Amino acid sequence: FQIYLQERGYTSMIDIFTYPFMLKAFAVAFMIALCAPCIGLPIVLKRFSAIGDATSHSALGGIAFGLIFGINPIIGAVVFSVVAVLSVEKLRKAFGTYHEIATVIVMSAGIGLTAVLSAFIKNGSANISSFMFGSIVAISDFELWLSLILCAIVLIVTFLLYKENFAITFDEEAALLSGIPVRLVNFIVMLLTAIVVSVASRIVGALMISSLLVIPVANAMLVSKSYKQTLTLSIVFSEFITLAGLFISFYLDLRPGGTIVLLGVIILVITAIIKPKK
């Protein structure tokens, strides 16, 4: 790709590929953008989009915990995020009809925990900020391989549970009566949501990743006509806004997470304006 651009005179465009940290950033961004819609579509269609916010705020608490005790922050984020989604699922059952309260409670707990723990981090504002809003410079080899493994797991699970997710999304009771293990499938989706949010916190930012779960799916829903088409277009939108956002943030010296999210919102608004009326 670099040679292709260089031969055509686009020398300034290949500057970005001369930095090893940007190559890592693009690799991780590509994999996260591939995973996010696969998880985002089921939770959006189940009207459970806020789970991303609850998980991301809990992940920040795990990141702060890891920074305090010298543990890899991503590992801390994964553990806290898993606890968060399990807590949401438990509270949803307790509140019954008012199950949306569970998400707000867990999100509030995550915010409070992050605020308390961040006070104990040496140079805390700088460290925690890189995870809140993303930091493409700080991606390690460990996080690169973790993203690769995660991407493979999410794609395999999405393929294996495609029919089950489709059935549960549109009629959970009918899916249960037909013999689909609804509770297990929902648990797997929630678990993968927690892990995706945790791993993506480094490049996109913990406060931004929930948007990447929802915005590409929302874009696709405006123009697609089927579940399969929505999933495919969600991935296309996700990859475009993520990779284009990295390009823009690099050359304009902007925060990558914020740039990616704003670009997604802009495309969503444009799509909503120009889409044909149904």
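Source: prediction; values computed, not measured.

Observations regarding the overall build of the chain
Part 1 of the argument: The number of helices and strands found in the chain is 13 helices and 0 strands.
Part 2 of the argument: When the elements of the chain are put in sequence order from the N terminus, they spell out α-α-α-α-α-α-α-α-α-α-α-α-α.
Part 3 of the argument: When the 278 residues of the chain are sorted by exposure, 47% land in the buried category.
Part 4 of the argument: For the chain, the share of sequence-separated contacts (at least 6 apart) that also reach a separation of at least 24 residues comes to 74%.
Part 5 of the argument: Here the chain has roughly 13800 Å² of accessible surface; of this, 70% comes from carbon and sulfur atoms.

Examining the nonpolar core
In a soluble, globular protein the nonpolar side chains are often hidden away together inside.
Part 1 of the argument: Membership of the largest hydrophobic core comes to 76 residues, with the highest contact counts inside it found for Ile32, Ile51, Val88, Val154 and Leu212.
Part 2 of the argument: The element contributing the most residues to this core is helix H2 (residues 20–45), with 16 residues.
Part 3 of the argument: Apart from the residues within four sequence positions on either side, Leu212 is in contact with Ile32, Ala36, Val204, Ser238, Ile241, Thr242 and Ile260.

Re unusual backbone geometry
Part 1 of the argument: Of note in the backbone geometry, Asp253 takes a positive phi value of approximately 55 degrees without being a glycine.
Part 2 of the argument: Given a relative accessible area of 71%, Asp253 falls into the exposed group.

Some remarks on H2
Part 1 of the argument: Compared with an ideal rise of 1.5 Å per residue, which puts 26 residues at 38 Å, H2 spans 38 Å between its outermost C-alpha atoms and is within 8% of the ideal.
Part 2 of the argument: Most of H2 is tucked away, with 20 of its 26 residues classed as buried.
Part 3 of the argument: Arg47, located one to two residues past H2, shows a positive phi value of around 60 degrees.

Quick notes on the pattern of salt bridges
Part 1 of the argument: The tally for this structure, following the rule as stated, stands at 1 salt bridge.
Part 2 of the argument: A salt bridge links Asp141 to Lys24, with the nearest nitrogen and oxygen atoms 2.7 Å apart. Of this pair, Asp141 sits in helix H7 (residues 141–160) while Lys24 is found in helix H2, placing the two residues 117 residues apart along the sequence.

What to know about the confidence of the model for the chain
Part 1 of the argument: Overall, the predicted model of the chain reaches an average pLDDT of 82, with 89% of residues at or above 70.
Part 2 of the argument: Between the elements of the chain, mean pLDDT differs from a low of 52, seen in helix H1 (residues 2–7), to a high of 90, seen in helix H12 (residues 227–252).

Quick word on the side chain of Glu239
Part 1 of the argument: In this structure, Glu239 sits in helix H12.
Part 2 of the argument: Within the buried core, Glu239 has no salt-bridge partner, and the shortest N-O distance to an opposite charge, that of Lys228, equals 18 Å.
Part 3 of the argument: Apart from residues no more than four positions distant in its own chain, Glu239 is found in contact with Phe30, Ala33 and Leu34.

Quick word on the packing of helix H3 (residues 51–69) against helix H5 (residues 100–118)
Part 1 of the argument: It is the contact of H3 with H5, at a shortest axis distance of 8 Å, that shows an interaxial angle of 25 degrees. Between H3 and H5, the angle is such that the two are roughly parallel. Crossing angle aside, the handedness with which H3 passes H5 is left-handed. For the pair formed by H3 and H5, the contact residues are Ile51, Asp53, Ala54, His57, Ser58, Leu60, Gly61, Ala64, Phe65 and Ile68 on the first element and Thr103, Val106, Met107, Gly110, Ile111, Thr114, Leu117 and Ser118 on the second.
Part 2 of the argument: Class assignment of the residues belonging to the contact of H3 with H5 gives a composition of 10 nonpolar, 7 polar and 1 charged.

Some thoughts on the packing of aromatic side chains
Part 1 of the argument: Taken as a whole, this structure holds 8 aromatic pairs when the rule is applied.
Part 2 of the argument: Summarising the aromatic geometry, the rings of Phe65 and Phe80 are spaced 5.6 Å apart at their centres and angled 40 degrees between planes, so their arrangement reads as tilted. Within this pair, whereas Phe65 is found in helix H3, its partner Phe80 is found in helix H4 (residues 73–95), the two being separated by 15 residues in sequence.
Part 3 of the argument: With relative accessibility at 29%, the residue Phe65 sits in the partly exposed group.
Part 4 of the argument: Pairing Phe250 with Tyr251 gives two aromatic rings, centres 5.0 Å apart and planes at 90 degrees, and the pair type is edge-to-face.
Part 5 of the argument: Three or more aromatic residues joined by ring pairs form one cluster here, namely Tyr162, Phe166, Phe170 and Tyr227.

So, helix H8 (residues 162–170)
Part 1 of the argument: The set of residues buried in H8 consists of Asn165, Ile168 and Thr169. Projected down its long axis, H8 carries its buried residues within an arc of 100 degrees, all on one side. Away from its buried face, by an angle of more than 90 degrees, H8 presents the exposed residues Lys163 and Phe170.
Part 2 of the argument: Buried positions along H8 lie against H2, helix H9 (172–177), helix H10 (182–200) and H12.

Overview of the packing of H2 against H10
Part 1 of the argument: In contact at an axis separation of 10 Å, H2 and H10 are set at 145 degrees when each is read in the N-to-C sense. Crossing of H2 against H10: the hand is left-handed. Every residue of H10 that contacts H2 at Ile32, Cys35, Ile39, Pro42 and Ile43 is listed here: Val189, Leu192, Thr193, Val196, Val199 and Ala200.
Part 2 of the argument: Here the contact of H2 with H10 is built from residues that sort into 10 nonpolar, 1 polar and no charged.

What counts and what doesn't
Residues numbered from 1 in each chain as written. Predicted model: local features only at pLDDT ≥ 70, side-chain atom pairs only at ≥ 80, totals over all residues. Heavy atoms only, no water. Helix = DSSP H or I, 4+ residues; strand = E, 2+ residues; numbered from the N terminus. Buried < 20%, exposed > 50% of the residue type's maximum accessible area, 1.4 Å probe, protein only. Contact = heavy atoms within 4.5 Å. Areas by Shrake-Rupley, 256 points an atom, 1.4 Å probe, with all protein chains shown as cover. Core = buried A, V, L, I, M, F, W, Y, C linked by side-chain atoms within 4.5 Å. Expected span 1.5 Å × (residues − 1). Salt bridge = Lys/Arg side-chain N within 4 Å of Asp/Glu carboxyl O. pLDDT = per-residue confidence, 0-100. Lys, Arg positive; Asp, Glu negative; His and termini not counted. Axes fitted to C-alpha atoms, helices over the stretch in contact; angles between N-to-C directions. Parallel < 35°, antiparallel > 145°, perpendicular 65-115°, else oblique. Left-handed = near helix turned anticlockwise from the far one by under 90°. Nonpolar A, V, L, I, M, F, W, Y, C, P; charged D, E, K, R; others polar. Phe/Tyr/Trp six-rings, centres within 6.5 Å; stacked < 30°, edge-to-face > 60°. Arc of directions from axis to C-beta.

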